[in-house]
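# Chains, contacts and geometry: an overview
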Amino acid sequence: MLKEEYAEAVEHLFKVIRVVPAEAKVLRLLSNSLVILKDYQHAEIYLLQLNKVSSLTVDESINLGYIQSTSGKRELAVENYKKALEMDPDNQFALNNLGYECIFNGKYVEGEQ
């Protein structure tokens, strides 16, 4: 999809979410579309809302971790990368990002694991 199509989809999803705010399918589509559009502030809001009504997927956990990392919420980012690894222990994105966070936070031994 083109960026314009994602933006249009987001506008429609915002309308739907006002009517059914706790619908996991809509929250999932909206948050993932916002990530693609790099609207991380809103993506985080809807990923957190999604997490209240449904389990996040591996990719959603990684996306939320990345967003939290870049906004300085590093401990929350670590938690989300660990959740992703619980679902997919060999996920290279989660392993890499978790290692980065551990090293950034001075937890070198944990980062090596």
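Structure shown above.
Let me sum up the structure you'll find in this document. The structure displayed is predicted, hence computed values, not measured ones.

## Concerning the packing of helix 3 (residues 40-53) against helix 4 (residues 58-70)
Any two packed helices are characterised by how steeply their axes cross, that is the angle between the axes, and by the distance between the axes. Helix 4 packs onto helix 3 with a crossing angle of 135° between their chain directions and a minimal axis gap of 10 Å. As the angle between them shows, helix 3 and helix 4 are arranged oblique. Judged by the twist between their axes, the crossing of helix 3 over helix 4 is left-handed. Where helix 3 approaches helix 4, its residues Tyr40, Ala43, Glu44, Leu47, Leu48 and Leu50 are matched on the opposing element by Glu60, Asn63, Leu64, Tyr66, Ile67 and Gln68.

## A closer look at unusual backbone geometry
With a phi angle near 60°, Lys38 is a residue other than glycine that sits in the positive phi range. Along the chain, Lys38 falls in the loop between helix 2 (24-36) and helix 3.

## As for helix 5 (residues 74-87)
In this model helix 5 runs 20 Å from its N-terminal to its C-terminal C-alpha over 14 residues, within 8% of the 20 Å that 1.5 Å per residue would give. Listed in full, the buried residues belonging to helix 5 are Arg74, Ala77, Val78, Asn80, Tyr81, Ala84 and Leu85. Along the axis of helix 5, the buried positions cluster into a sector of 165°, meaning they face one direction only. Where helix 5 is buried, its residues touch helix 4 and helix 6 (92-104).

## A short note on the packing of aromatic side chains
This model, assessed by the stated rule, comprises 3 aromatic pairs. Ring centres of Phe14 and Tyr46 lie 5.9 Å apart, and the angle between their planes is 55°; this geometry places the pair in the tilted category. Linking Phe14 in helix 1 (residues 3-19) with Tyr46 in helix 3, this pair joins segments that are 32 residues apart in sequence. Classification of Tyr46 as buried rests on a relative accessible area of 14%. Look at Tyr40 and Tyr66: their rings are 5.8 Å apart centre to centre, the planes differ by 75°, and that puts the pair in the edge-to-face class.

## Details of helix 3
The end-to-end C-alpha distance of helix 3 is 20 Å, a good match for the 20 Å that 14 residues give at a rise of 1.5 Å each. Here helix 3 has its buried residues at Ala43, Glu44, Tyr46, Leu47 and Leu50. Where helix 3 is buried, its residues touch helix 1, helix 2 and helix 4.

Reading the values: rules and limits
- Residues numbered from 1 in each chain as written.
- Predicted model: local features only at pLDDT ≥ 70, side-chain atom pairs only at ≥ 80, totals over all residues.
- Heavy atoms only, no water.
- Axes fitted to C-alpha atoms, helices over the stretch in contact; angles between N-to-C directions.
- Helix = DSSP H or I, 4+ residues; strand = E, 2+ residues; numbered from the N terminus.
- Parallel < 35°, antiparallel > 145°, perpendicular 65-115°, else oblique.
- Left-handed = near helix turned anticlockwise from the far one by under 90°.
- Contact = heavy atoms within 4.5 Å.
- Expected span 1.5 Å × (residues − 1).
- Buried < 20%, exposed > 50% of the residue type's maximum accessible area, 1.4 Å probe, protein only.
- Arc of directions from axis to C-beta.
- Phe/Tyr/Trp six-rings, centres within 6.5 Å; stacked < 30°, edge-to-face > 60°.

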